[in-house]
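Working through the structure, step by step
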Amino acid sequence: MPGMKADLISANTLRSWFSQALSDMYRTEVPQYGTLLTLVADINASELADKPDQREALERTDELARLDLERHGAIRLGTAAELAMIRRVFAVLGMTAVGYYDLSVAGVPVHSTAFRPVDDEALRLNPFRVFTSLLRLELIEDAALRETAQAILARRQIFTPGCVSLVEQAEAAGGLTAEEGRRFVAEALETFRWHSDATVDLATYQQLKGAHPLIADVVCFKGPHINHLTPRVLDIDRAQAAMGERGMRAKASIEGPPRRVVPILLRQTSFLALEEPIVFGAGEAARDGTHTARFGEIEQRGCALTPAGRERYDTLLAQSRAAGGGAALAEAFRAFPDDVETLYRDRLIHVRYTANTSRLAAGEVPPVNRDDVDALVAAGWLQITPQVYEDFLPVSAAGIFQSNLGGNENDAYAGGGNRPAFEVALGGPVQDEFALYRESEAASLREALARLAGAAKAA
Ligand code: OOG
Ligand code: NI
């Protein structure tokens, strides 16, 4: 057919290519990130060797093959137009905006979303996501400085012409061929590259940094350099302890819930951002200086919580922080059940249901009355597996921002979040993370019940 492109490759493949290219670039740019990857690989290998049960569980859930893939990265954008365009770039990679994160409450002048794959199959193939923040210039109090920042940002173009035209091509054709995809990955990568020459002179940089270090990071450069990448580690406490031995300065504490038998949500830590040489200004006026933005992070993910579970998490976290953190965290979370049966019974976690296929294969006949899901679970006809949390935590994100920028902690900006403004800038609504887990759970239940119904009817 005229105009019809044959052999479009899947967004999942493009996302894998892109995350690999980004990882290679970042490792070259930030050697200490390579050291972190080696540490993570060593710990994961030793965990798998020492704990055959864990290895078996990872194999069963298809996790082993994707263990070494990076789980996320982060960028910070300056304008609504940049956010709208990055949305189209990520769409080509099969990534959609999920969640709204208001960081102003923690004294960070941005709001954010996570671009990520949403369907189960895409997440299984490659869960790579990008925590994407948009600077909130309206939170800068000094009107003159605000205008300076706005003018500087208005002059930059963070996407190459090749990237823009391939996005248009993908939108028109419903995807890219392999050859176009290779070019697209190379072009899109340029947006994430580091620039050791600032677009402003040293005095302007210092002025913006004085308002907030994050403002200088967003405004003074040609593009939104990727500021960290995050592999998955099987034992984050061990990694935290081992960072120093390998010459990395670890962040003071791990963000998120304490260590548990059944991990929940997300635990994260990082090596602290490096001070890197930058040239400010051009020609005669050029001055050497430094900028601190880039770090390496590790994460360990656990069960997705229901809204009720999340409420309990937020309450316990706030309690332990009020009590000074540290040991108070483990103490506070003793009130949070730590076995899958109770977590499920109390509806604190989201699960996936599967029909018990070994019983079906053995010729057992499911009960006639299958309306009571809990009874089917109790009787072993339905099996449950906790869903993995695929999103982020605003309190943790604020902790990561602060430890890497030296921002003024807990100095909240007045006025709170502005989700409507964020969605206008984005050019559409962000998806509700809780709805995604709920729908995934419901779909798995429908499928599992259909399996049981089929077996009951055949008997
Ligand atoms: C993003 C910090 C948030 C996380 O893992 O919570 C984040 C940033 O520093 O730009 O990546
Ligand atoms: Ni992160």
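Residues numbered from 1 in each chain as written. Chains lettered and ligands numbered in written order. Predicted model: local features only at pLDDT ≥ 70, side-chain atom pairs only at ≥ 80, totals over all residues. Heavy atoms only, no water.

Take the overall build of the protein chain next. Looking only at helices and strands, the protein chain features 19 helices and 13 strands. By its C-alpha atoms, the protein chain is 85 × 70 × 45 Å across when sized along the principal axes. Sorting the 459 residues of the protein chain into buried and exposed places 52% on the buried side. In the protein chain, once contacts between residues fewer than 6 apart in sequence are set aside, the share between residues at least 24 apart is 75%. Of the roughly 20000 Å² of accessible surface on the protein chain, a fraction of 53% belongs to carbon and sulfur atoms. (Helix = DSSP H or I, 4+ residues; strand = E, 2+ residues; numbered from the N terminus. Buried < 20%, exposed > 50% of the residue type's maximum accessible area, 1.4 Å probe, protein only. Contact = heavy atoms within 4.5 Å. Areas by Shrake-Rupley, 256 points an atom, 1.4 Å probe, with all protein chains shown as cover.)

At 3.6 residues per turn, the α-helix brings residues three or four places apart onto the same side. Across its 19 residues, helix 1 (residues 11–29) extends 26 Å between first and last C-alpha, which sits within 8% of the 27 Å expected from 1.5 Å per residue. Of all the positions in helix 1, only N12, L14, R15, F18, S19, A21, L22, S23, M25 and Y26 are classed as buried. (Expected span 1.5 Å × (residues − 1).)

Take the pattern of salt bridges next. Applying the stated criterion across every chain, the model contains 33 salt bridges. For E29, the salt bridge goes to R294, with nearest N and O atoms at 2.6 Å. Residue E29 is found in helix 1, and its partner R294 is found in the loop between strand 10 (287–292) and strand 11 (296–301); the two are separated by 265 residues along the sequence. When its relative accessible area of 21% is taken as the criterion, E29 is described as partly exposed. (Salt bridge = Lys/Arg side-chain N within 4 Å of Asp/Glu carboxyl O.)

This part is about the sheet that holds strand 4 (residues 110–116). Strand order across the open sheet formed by five strands is 3-4-5-2-7, with mixed pairing between neighbours. Among the strands making up the open sheet, the edge pair consists of strand 3 (96–102) and strand 7 (228–231). Strand-to-strand twist of the sheet, defined as the mean angle between neighbouring strand axes without regard to direction, takes the value 20°. Pairing of strand 4 with strand 5 (residues 129–135) involves six bridges; the strand directions are antiparallel. Each residue of the ladder has a partner; that of S112, found in strand 5, is S133. Relative to strand 7, helix 2 (residues 31–50) is tilted by about 10°, and along the sheet it contacts strand 2 (70–77) and strand 7. (Pairing = 2+ DSSP bridges. Axes fitted to C-alpha atoms, helices over the stretch in contact; angles between N-to-C directions.)

On to the packing of aromatic side chains. Under the counting rule described, the total for this entry stands at 14 aromatic pairs. Relative to Y437, the ring of Y389 lies with its centre 5.9 Å away and its plane at 25°, an arrangement referred to as stacked. In this pair, Y389 sits in the loop between strand 13 (382–386) and helix 17 (394–405) while Y437 sits in helix 19 (residues 433–458), placing the two residues 48 residues apart along the sequence. By relative accessible area, which is 3% here, Y437 ends up buried. Sitting over the ring of F392, R301 keeps its end group 5.4 Å from the ring centre. Geometry around Y344 places R347 over its ring, the cationic atom sitting 4.6 Å from the centre. (Phe/Tyr/Trp six-rings, centres within 6.5 Å; stacked < 30°, edge-to-face > 60°. Lys NZ or Arg CZ within 6 Å of the ring centre and 35° of its normal.)

Turning next to the site of ligand 1. Around ligand 1, the surrounding shell consists of H72, A74, R76, F131, N227, H228, Q268, E297, F392, A397 and F401. Within the contact set of ligand 1, an oxygen atom lies 3.0 Å away from a side-chain nitrogen or oxygen of N227. Here Q268 contributes a side-chain N or O atom positioned 2.5 Å from an oxygen atom of ligand 1. In isolation ligand 1 has 310 Å² of accessible area, and contact with the protein removes 100% of it. Here the shell around ligand 1 gets three residues from one element, more than from any other, and that element is strand 2. Residues that form the shell around ligand 1 fall into these classes: five nonpolar, four polar and two charged. (Near = heavy atom within 4 Å. Polar contact = N/O pair within 3.5 Å; in protein donor to acceptor, adjacent residues only side chain to side chain. Nonpolar A, V, L, I, M, F, W, Y, C, P; charged D, E, K, R; others polar.)

A few words now on the nonpolar core. If you look at the biggest cluster of nonpolar residues, it comprises 68 residues, and the most contacted ones within it are L103, L208, Y313, F336, Y353 and L382. Setting aside chain neighbours within four positions, we find Y313 in contact with G256, P257, I264, L265, L305, F333, F336 and L393. In this structure, V130, V167, I226 and M248 belong to the second largest nonpolar core, which totals 59 residues. (Core = buried A, V, L, I, M, F, W, Y, C linked by side-chain atoms within 4.5 Å.)

With respect to the helices and strands, E433 occurs in helix 19. Given the relative accessible area of 9%, E433 is considered buried. When near neighbours in sequence (up to four residues on either side) are disregarded, E433 contacts V98, G99, Y101, R310, Y389 and D391.

Moving on, we come to the side chain of E299. Tracing the sequence through the fold places E299 in strand 11. We classify E299 as buried; its relative accessible area is 1%. Here R301 takes part through its side chain, which lies 2.6 Å from a polar atom of the side chain of E299. Those residues within four positions of E299 in sequence are excluded, and the remaining contacts are R71, H72, R129, T230, P231, R232, V233, I236, L266, R267 and Q268.

Take the coordination of the nickel ion (ligand 2) next. Each angle at a metal carrying four tetrahedral donors should ideally be 109.5 degrees, and each at a metal carrying six octahedral donors should ideally be 90 or 180 degrees. Surrounding the nickel ion (ligand 2) are the protein donor atoms H72 (NE2), H228 (NE2) and E297 (OE), at 2.1 to 2.2 Å. Expressed as a motif, the donor residue spacing for the nickel ion (ligand 2) is H-x155-H-x68-E. Within this pair, whereas H72 is found in strand 2, its partner E297 is found in strand 11, the two being separated by 225 residues in sequence. What makes H72 buried here is its relative accessible area of 2%. With a relative accessible area of 1%, E297 lands in the buried category. (Donors = N, O, S within 2.8 Å, 3.2 Å for Na, K, Ca; no water.)

Running from N to C, helix 2 and helix 3 (residues 52–60) cross one another at 105°; their axes reach a closest spacing of 5 Å. Overall, the two elements helix 2 and helix 3 adopt an arrangement that is roughly perpendicular. On the side of helix 2, the interface is formed by E47, L48, A49 and D50, while helix 3 contributes P52, Q54, R55 and L58. For the contact of helix 2 with helix 3, a count of residues per class yields four nonpolar, one polar and three charged. (Parallel < 35°, antiparallel > 145°, perpendicular 65-115°, else oblique.)

Without other data, these values stay purely geometric and don't point to any function.
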